[in-house]
Amino acid sequence: MEKSKIPLSSLPRERLLEYGVQALSNQELLAILLRTGSKKYSVMELSAIILTTFPSLYELKNASLTELQKISGVGQIKSIELKAMIELGCRIQRANQPKYGKVVTSFDLAQQLMSEMKDFTQEHLICLYLNTKNEIIFRKTLFVGSVNQAVAHPREIFREAVRCSAARIICSHNHPSGDPTPSENDRQFTKRLKQCGEMMGIEILDHLVIGNEKYVSLREEGFWN
């Protein structure tokens, strides 16, 4: 079989960029992973031969290094890369989303945050992203501001929520002055967050303002009513 020329418009990488990964066939996905063909076969042809040798993905998953190397054009390096790719795929399939504790009450969470943020000399906005069981699946310090205010935008907060498929968000920021009394800016910012959350179907569970051994929960203060 002579190495055939494949139009640029049909190359797997270009198709992935244009149509998305789910639009690609098994042959195209395998070709991307193989990267190159052999002296005799193009990468698409080599991918087709591998998938013909192992007609189902289950058979390919269980193929040994020796069986892979029997295929013309698949040497030791490619067979090792294939086995590593298959094993990584299996581990990804078995992987669970990591959890970083469960939020039971705002009080308990505030105790932890007061310990973490007590020595901050600038305002830090920390967002905790929760699943439907109130388990923390991700947390991130999104903004560090001046000693007077943290410049934040809901867009950045909800971008992370969408990325990790969060159902709820708890925001927290510190007042370096030590006085956790929410400012008018804090209240307006919280109001914007709530409105964005309602539109996106992601609940803002609370906004905690952390001071020196004191905190204010805007939910507990009645701001959610």
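Residues numbered from 1 in each chain as written. Predicted model: local features only at pLDDT ≥ 70, side-chain atom pairs only at ≥ 80, totals over all residues. Heavy atoms only, no water.

1. Brief notes about the packing of helix 2 (residues 26-34) against helix 3 (residues 43-53)
Working step 1: Following both chains from N to C, one finds helix 2 and helix 3 inclined at 120°, their axes separated by 8 Å at the closest point. On the basis of the axis angle, helix 2 is oblique to helix 3. Read as a crossing pair, helix 2 and helix 3 show a hand that is right-handed. For the pair helix 2 and helix 3, contact is made by N26, Q27, E28, L30, A31 and L34 and by V43, M44, L46, S47, A48, I50 and L51, respectively.
Working step 2: Residue composition of the contact of helix 2 with helix 3, grouped by class: 9 nonpolar, 3 polar and 1 charged. (Axes fitted to C-alpha atoms, helices over the stretch in contact; angles between N-to-C directions. Helix = DSSP H or I, 4+ residues; strand = E, 2+ residues; numbered from the N terminus. Parallel < 35°, antiparallel > 145°, perpendicular 65-115°, else oblique. Left-handed = near helix turned anticlockwise from the far one by under 90°. Contact = heavy atoms within 4.5 Å. Nonpolar A, V, L, I, M, F, W, Y, C, P; charged D, E, K, R; others polar.)

2. A look at the packing of aromatic side chains
Working step 1: Here the structure, examined in full by the defined rule, presents 1 aromatic pair.
Working step 2: Geometry around F138 places R163 over its ring, the cationic atom sitting 4.7 Å from the centre. (Phe/Tyr/Trp six-rings, centres within 6.5 Å; stacked < 30°, edge-to-face > 60°. Lys NZ or Arg CZ within 6 Å of the ring centre and 35° of its normal.)

3. Quick word on the packing of helix 1 (residues 12-19) against helix 2
Working step 1: For the pair helix 1 and helix 2, the least separation of the axes is 9 Å and the interaxial angle reads 115°. In the packing of helix 1 onto helix 2, the handedness of the crossing is left-handed. Here P12, R13, R15 and L16 of helix 1 come into contact with helix 2, specifically with E28, A31 and I32.
Working step 2: Broken down by class, the residue content of the contact of helix 1 with helix 2 amounts to 4 nonpolar, no polar and 3 charged.

4. Description of the pattern of salt bridges
Working step 1: Under the counting rule described, the total for this entry stands at 12 salt bridges.
Working step 2: One salt bridge in this structure joins R155 and E156, with 3.5 Å as the shortest N-O distance.
Working step 3: Under the relative-accessibility criterion, E156 is labelled partly exposed at 24%.
Working step 4: One salt bridge in this structure joins E160 and R163, with 3.0 Å as the shortest N-O distance. Taken together, the residues span about one helical turn, with E160 and R163 both in helix 8 (residues 154-163) at a distance of 3 residues. (Salt bridge = Lys/Arg side-chain N within 4 Å of Asp/Glu carboxyl O. Buried < 20%, exposed > 50% of the residue type's maximum accessible area, 1.4 Å probe, protein only.)

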